[in-house]
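# Secondary and tertiary structure notes
Here is how the chains run, residue by residue.
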Amino acid sequence: MNCPFCEVEHAVTVPQINLNGTHPQDLREEVLRALEAVRDAEKALLDACPNGRDYQGLSGAAAIALSQHSHRLDAIERIKRELDEILGHIQAVIDHREAQRTPA
Ligand SMILES: [Zn+2]
């Protein structure tokens with residue numbers, strides 16, 4: 001079912017912003033902080049890319065380590081996509097509420 005705010009079907013479960021829930025600005029701030037932390041983790045992970053010189057004498061180990069590293073980067077990418085989608089939803093709800101409040 002399409003989200004009425006984003007007009008897409010979300011791939012992740014997004015928060016249902018309501019009066020009894022967390023304030024949308026706080027939700028947005030939390031997700032933004034998480035996204036920043038994941039981007040920092042991605043940079044650190046890129047720096048930690050396996051180097052062949054550290055796998056000398058282990059047949060095929062460097063290639064396996066690189067492949068596993070690539071899977072870790074994919075996981076980070078998936079987390080970033082999900083957080084981006086959640087953030088976009090929260091922002092769409094905030095924008096919708098602002099538009100409702102502003103007299104035409
Ligand atoms: Zn949405």
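Here goes a summary of the coordinates provided.

Calculation rules
Residues numbered from 1 in each chain as written. Predicted model: local features only at pLDDT ≥ 70, side-chain atom pairs only at ≥ 80, totals over all residues. Core = buried A, V, L, I, M, F, W, Y, C linked by C-beta atoms within 7 Å. Buried ≥ 20, exposed ≤ 12 C-beta atoms within 10 Å, placed from the backbone. Helix = DSSP H or I, 4+ residues; strand = E, 2+ residues; numbered from the N terminus. Contact = placed C-beta atoms within 7 Å. Expected span 1.5 Å × (residues − 1).

### A look at the nonpolar core
Grouped together as the largest cluster of nonpolar side chains are 6 residues: V14, L27, V31, I86, I90 and V93. Among the elements of the structure, helix 1 (24–47) and helix 2 (61–101) are those that each provide at least two residues to this core. If we ignore the near neighbours within four places in the chain, the residues touching I86 are V12, V14 and V31.

### Comments concerning helix 2
Helix length check: helix 2, at 41 residues, gives a terminal C-alpha distance of 60 Å against a target of 60 Å (1.5 Å per residue), a fit within 8%. All of the buried residues along helix 2 are I86, H89, I90 and V93. For helix 2, the elements touching its buried residues are helix 1.

### Concerning unusual backbone geometry
The phi torsion of most residues other than glycine is negative, and most of the peptide bonds are trans. Phi at E7 is positive, roughly 60 degrees, even though this residue is not glycine. Among the structural elements, E7 can be located in the segment before helix 1. By the C-beta count within 10 Å, which is 8 here, E7 ends up exposed.

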